[in-house]
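# What the coordinates show
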Amino acid sequence: MDEEQMWKGIFNKLQESNVNPPTEHQHQLQDSDDGFFEKFGSFLRQKSQLDENNFKTSLAPFPEAEEGEEEETAIPKVNDGSCTDSGLEIKTDDNESFDTSTLGSETDLISVNNIKENVCMNIDDLYEEILFEIYNNIGCESSDACRESLVEFAKEVFKIPNATHLEISEIAMKKEPPKLRLNVEVIKAENLLPMDSNGSSDPFVTLYLESNISHRYNSSVKTSTLSPIWEEHFSLPIAEGPRDEVLIIEVWDFDAAETVKDKVNKLLDVKGVRGLSKLMKEIAVTASSGKHDNELIGRAMISLKSIPVTGLTVWYNLEKGSKTKSRGSILVNIALSAEKNKNVASQEHKHLLKLLLVHELDSSQVAKYWWSGKFGAMAEAIRTQHAVQSGLSPVDCALCQWHAYSTVHETHKLNFVLFNSILDVLAPVINYLQNDSEDVKTFWEGAKRLLPSCFSILRHLRSKQISDNKILKTLSEVLDILSKLKTFEVPATIDLFPKTVYGWLEYEDSEKANTIDNVIIAAINSGAKEWMEQIKEVGSQTKDHDSDEEKLQNVIKIIQMVRSDLQRAMEYFDKLFYHKIRVSYSTTLFMFYDSKLTEICKAIVEQVCSNIKKLDVPDDNFEYLPNIDNVNMGTTLFEVYLVLKRYNTLGQSLCPNCQLEMNEFYLWFDRGVTHWLEISIIKALNRIQKAIDLDQLHAVDETVKYSSSAVDTLAIFYQIKIFWQQLDWPDIEGSYLFVAKIVNDICRCCVFYAQRMSHRVEAITKREQDGDMFNLSEEWCLAINNMDYIRQSLPSFIKELGTDTVIRRLGDYKTYLDAQRCASTIKAVIDNALDTQRNQIVELIEYVARRMSPSIRRYLTEGAEVLHENSNSMERLMMYLDGSLQTLYVNLNEVNFKRVLDSIWEELSIIIYDLVQSNLDKRRPPAFFQNLRATLHTMISSFKIGDTKTSDVKILSEIENTLELHALETADLIHQYYLERFKYQKQQETSPFGQLTISAQFSDSGLVLTILNARNLVSMDKNGLCDSFVKVFMIPNIRFNGFTPLKTAVHNKNCFPLYDEQFKIHLTPEQRQMEDSLILFCVKDKDLFGMSSQYIAECYITFADLIAAEGEQILMNLCRPEYTDSLSLRALEYRQGDKQAKEFLKKLKNKSYS
Amino acid sequence: MTNMRPPQKSKLLKVVILGDGGVGKSALLTRFVSNRYEENNFHTIGVEFMNKDIAVDGEKYTLQIWDTAGQERFRALRTPFYRGSDMCLLCYALDDRDSLRGLRLWRNEFINYADVQPDRFPFIVVGNKNDIRAERRQVSYEDVQQWCAEHGISAHIETSSKTATNVTDAFVLALRQWKAMERVAEAEQRQHGDTIDLTQPIRLMQRRQCCTGGGTGKAADVVDADDDDGRNTDAAMRSPSSMSRHLFGQSRSSPKAPKTNYQL
């Protein structure tokens, strides 16, 4: 069969069996060993593919029902829909005093008292200050109406009892209103009206308050521009009633104090007529006044009422007179502030912020990680008032917020967005501040408080439900914060990572201060470590009495969790980590897991492998099949292998250049795989046995000539192949060894199959033996075909195992020679199996033939006994053979059919031989053998064996010869003896007895025979000579009735006698035509007394030879009659009852000297 | 002839060669099987397998020889091949004292994985590199003798694959050992003769029959000398019908008749 087709066939069959639900047959088969191969082979493959798909398709990194992983899913869900980020809850570190369980209603734990303790300033003083500010609110928004509520609010925030409030309120009211300042930043102007003759201006700004015109503030002059940028700050004291005050901003064109002459010189630069007239005017003015005279470009008037307390940055149009003409616009930032000591102010501000925040969190029940900087309206009012009235700049405020919020953050987590945005404000300034300044210190203190929670986020990434994307946002913010903080130089005086807080941080290198960078890595690792310990614990609760199976399951679980963790890391976090802080998160994780997992898995796998009990593997005789009931190695170990393999592949793509400990994971499985192979051969052998037992020996379908067990057996091989492909052993030498082992095992299975198949059909016939006739059934043929099918499938199947690839890789890895040796080993194993199987097939065929032989023998015996004509046993024999051969021919392939024919012939020849022998003993007449011979001929023709050139034809012809001899009448048999002698004589080249020369001539009436001479006659007398004469007989004498022997004259004392005598022999035409008739020349020695003659020697010639050499001299070697071991003599010997034969033999014995 | 079964059947014996790396196991095998010697040193990768027909005392055998890698790292991988062995050649090198000491471990490993009774299993000890100069020799004949005595091994031999000394003899020695063990087992079985289970083939007697697919030429030179013996042994094991065939073959007188078809 074409190899490819065959495989297609197998494949299709297997496909079918995959598609169709397993049949009853398969069920039975698989039940026998619990579907061992299916589990290992396709089943595992399916499973692993499923796994793959899971990893590929599941975009939600934390599927809701992820078992065992979400040990923190127990976190109480907040029923309020607005607080969807409850999942953001973080398991706090041990060294953080805050207790998670107190979330929710108990947030008021963070009481003012708490804050009070930390605050060095008397809360009452701050309260007084705040009240004072409220009473002296500034900015456009303030009104009397809201003042009352603000006071109420403040009272609440500060938790001041009524009595105290009144007292303090009194004091605050009595206090002088604060000294205010108006802070103006002149930023820039645009589209200024050109004032100079050259089409440009030299603008500068003058500011003053309406109430105090004399006190003017001038900016610098920007020359030759219509879009000047100043960015200059001014602080104007406000004397009284800021509400009624108006700020006036004027932009002037600067004119230097030029002389008339200078101006005239400018004539050359003048542009156009207008410019000229302008210049003329200037010249005139200069000439008349003699002093500089700046020109007003435009003016903006701003009522301080319109300025909010937080200040504002706004464009103002410049105006002059009532003209609507655009004179350009100016951008200014205007803010009010109070005069206050900045340190005191910022300290006040920090405390105020804390109080406000605590109140905010308390009153609005803000969830953790939620608050992002937005106060309620009143709190905001108080805050801004304080900021402004304390003269705090935005940066100052930011710093205060940073500090205050980070403090609160320690106890009640705030949204990281808040800190990130504060950092945005601070970032530009912080590096310019003196390293040892108070601000820097404040900043880092805040950072120090904030960082633990940042790292906590990093460490507890796993415990989040991130399907709602919140964690990604948080992580993004945290990483932003970290990346910003990274850019700042940490003052040497600050210990950013105190041991008390960073318990999880390993201080290996105490000399080198931890940087944010390596703490990030440490945080990632520590998070991974904690997580791993948790999952380890989850899996190993009943550690001590765990079975190996459970341990392995546990390992699988751990690896899968780690793997999904990595998957998640790659899918969700990697991008963030890389973009924000240039850290490859998943690689870091993998490096960490690598050693940890190696530690865990190696120990367990090696332990499990070493626990494996040695198996009772049957040796090559397959005399027994070991009991497999207690060989229960689940698929688990192999599953672990596959999981690790996939995990390792992931690792290699993550860390392509790293020396991973896991890379050599497969070495742990050496023993396991070996064990599996041993189990698999035992299971395979058992499964084959089962398959054979279940085999009904019916063709699988109409197209094929083999039955179910062959398909089942190949299916087992197919499963082994899948296992091998799945194993994909990384080590080349190892994979050669395994494949050699598998090849060897499969070969053994094939041999075993053949052996058991033979037994099975033999058993069938034993049952049928009761009937005296062996019926060659289809089952036999199927059995033979099955064996042959398996045998033929073997080489291509082994090819499918990829042995060639393994060998090629070996060649690349080692040397070509090594690979060659390995290749020849595998080839030798396969060849052995093929040979053995072929022998088994032949043996089975021989067995079939032997089983057929008794029937054949019976028919043959019967057929030979009775006369040919009225016997039907020959017909019955032919029918029997015909039927059997028909079955064989239809069902067997050509090669096996021929083998069967050969075997039958072999049997037949034995039978016939036996028949001949036994019947010779019974002294059967020649007719019996004639019958037998006829039978043989019939069979030969029906077998059409004549065409085939098998060696058995020779045997057949020998049997035929034997039969022929025995079928001859005695006279013919004797003649046969003479012919044999004649043949022998012709073969002699020389003769010790001498030669005889004759010539002959046939005539119409007969034969003219001339006896010419004899030479070198052996001497018979004492004188060394002889007295010879020749006597001539015609043989067989039955044909030549009436012929008297002829005799020559005696030639005395001559060893070279010249007889030269002619005889005329009368022959009828019939006699003449019998070409095998012989003439016997006896040369005799006449003895002295002439009484008797001594026999010297004899020679023969056939008529045929005479005719051929007619008229020529014929030289013949003389010989003596011998009682040879010839077939014809033996046949004669059997005819003890035959007088003729007896006499002939007696004569011959007398004649021969021996 | 292609569809005819090859004529000679011989007993199939599985042989395992063990010993430290570099003692010359593969060289021994190569010399024995293909009568070659390769000067360059190579390591066997895992296992190697070769067939060799051999006639000893009038019986034909096919040795299926598994040569193993001596390196420790192949240990788990090579042990599965020990199963079903009929005899084991423990090899050391005459210029390496440690390799003789190593045999103890090899023997134990083999006994363990092949699951055999050490006193019932034909081990022989083979000292390789017999061709070395006397001063390089580290293992004396007495050393080996003592070692063998300690471990209950009765046969040892010194060979050289390089000079082809005693190579075939080593395998023949092993085979004789095997035969001796078989005889012992057989005798024991006969002693408990009344309980022999006829359905269960007697393991030691009934060997696998196989032909190695070797050409007739190769086979022919082994048969002649002890033709009759071989036939009788086989015939005794065959069914009655093969007996008649046997007689038939014997009675044919023509010397030209092809031997192949009727000799068993």
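Residues numbered from 1 in each chain as written. Chains lettered and ligands numbered in written order. Predicted model: local features only at pLDDT ≥ 70, side-chain atom pairs only at ≥ 80, totals over all residues.

Chain B has the name small monomeric GTPase in an unreviewed UniProt entry, where Drosophila mojavensis is given as its organism. Under the heading Catalytic activity (unreviewed entry), UniProt records this for chain B: "GTP + H2O = GDP + phosphate + H(+)". (UniProt positions renumbered as here; feature names shortened; annotations may be inferred.)

The heading Sequence similarities (unreviewed entry) in the UniProt record of chain A holds the text "Belongs to the unc-13 family."

Helices and strands together make up the secondary structure of chain A, namely 34 helices and 16 strands. The contacts of chain A with a sequence gap of at least 6 include a subset with a gap of at least 24, amounting to 76%. (Helix = DSSP H or I, 4+ residues; strand = E, 2+ residues; numbered from the N terminus. Contact = placed C-beta atoms within 7 Å.)

In helix packing, the relevant descriptors are the interaxial angle and the interaxial distance, both defined with respect to the helix axes. All names here are of chain A. In contact at an axis separation of 8 Å, helix H30 (residues 970–987) and helix H33 (residues 1127–1134) are set at 155° when each is read in the N-to-C sense. On the basis of their axis angle, the class for H30 and H33 is roughly antiparallel. Once H30 is placed against H33, the crossing between them reads as left-handed. Of the residues in H33, those in contact with Leu973, Ile974, Gln976, Tyr977 and Glu980 of H30 are Ser1128, Leu1129, Ala1131 and Leu1132. Taken together, the residues that form the contact of H30 with H33 break down as six nonpolar, two polar and one charged. (Axes fitted to C-alpha atoms, helices over the stretch in contact; angles between N-to-C directions. Parallel < 35°, antiparallel > 145°, perpendicular 65-115°, else oblique. Left-handed = near helix turned anticlockwise from the far one by under 90°. Nonpolar A, V, L, I, M, F, W, Y, C, P; charged D, E, K, R; others polar.)

As a further point, take the sheet that holds strand E12 (residues 1046–1047) of chain A. Working definition: the strands of a sheet are paired by backbone hydrogen bonds and lie parallel or antiparallel to each other. With antiparallel pairing, four strands are arranged side by side in an open sheet as E12-E11-E14-E15 (chain A). In the strand order of this sheet, the two ends are held by E12 and strand E15 (1093–1102) of chain A, each with one partner. (Pairing = 2+ DSSP bridges.)

Moving on, we come to helix H18 (residues 585–611) of chain A. Over its 27 residues, H18(A) runs 38 Å from end to end, which matches the ideal 39 Å to within 8%, given 1.5 Å per residue. Of all the bends in H18(A), the greatest measures close to 25° and is centred on Tyr593(A). (Expected span 1.5 Å × (residues − 1). Bend = angle between axes of the 7 residues up to and from the residue.)

Attention shifts here to the confidence of the model for chain B. Residue and element names in this part refer to chain B. Looking at chain B as a whole, its pLDDT mean stands at 71, while 69% of the residues score no less than 70. In the predicted structure, residues 1–8 sits below a pLDDT of 50 and forms 18 contacts with residues beyond four places in sequence or in another chain. Throughout residues 195–264 the model reports pLDDT below 50, and contacts reaching past four residues in sequence, or to other chains, amount to 84 contacts. Taken together, the chains of this predicted complex give a pTM of 0.63 and an interface ipTM of 0.71. (pLDDT = per-residue confidence, 0-100.)

Here the focus is unusual backbone geometry. Residues and elements named next belong to chain A. Omega for the peptide link from Ile1035 to Pro1036 comes to -5°, which places this bond in the cis form. Mapped onto the elements of the fold, Pro1036 is located in the loop between strand E11 (1028–1035) and E12. Unusually for a residue other than glycine, Glu231 sits at a positive phi of about 55°. Along the polypeptide, Glu231 turns up in strand E4 (residues 229–238). On the basis of neighbour counts, which here come to 11 C-beta atoms within 10 Å, the residue Glu231 falls in the exposed class. In this structure, Asp1060 is a non-glycine residue whose phi angle is positive, near 45°. (Buried ≥ 20, exposed ≤ 12 C-beta atoms within 10 Å, placed from the backbone.)

As a further point, take the environment of Ile171(A). Structurally, the position occupied by Ile171(A) is in helix H7 (residues 162–174). Residues Ile171(A) and Leu131(A), spaced 40 residues apart in sequence, show a C-alpha to C-alpha distance of 9.2 Å.

What follows covers the environment of Val139(B). You can see Val139(B) is positioned in the loop between strand E5 (123–128) and helix H4 (141–150). In sequence terms Val139(B) and Tyr92(B) are 47 residues apart; their C-alpha atoms lie 9.4 Å from each other.

We now examine H30(A). If you check H30(A), its first and last C-alpha atoms are 26 Å apart, about what 18 residues at 1.5 Å a residue would give, namely 26 Å. Turning to H30(A), its buried residues are Leu973(A), Ile974(A), His975(A), Gln976(A), Tyr977(A), Tyr978(A), Arg981(A) and Phe982(A).

Take the pairing of strand E2 (residues 47–56) of chain B next. Pairing analysis gives ten bridges linking E2(B) to strand E3 (residues 59–68) of chain B, with the strands arranged antiparallel. Bridged to Ala55(B) within E3(B) is Lys60(B).

Of all hydrophobic cores here, the largest spans 293 residues; its most connected members are Val743(A), Cys750(A), Val15(B), Leu89(B), Leu90(B) and Ala174(B). Excluding residues that lie within four positions of it along the chain, Leu90(B) makes contacts with Leu18(B), Gly19(B), Leu103(B), Trp106(B), Arg107(B), Phe123(B), Val125(B) and Val126(B). Counting 44 residues, the second largest nonpolar core, distinct from the first, contains Leu973(A), Cys1026(A), Leu1127(A) and Leu1132(A). (Core = buried A, V, L, I, M, F, W, Y, C linked by C-beta atoms within 7 Å.)

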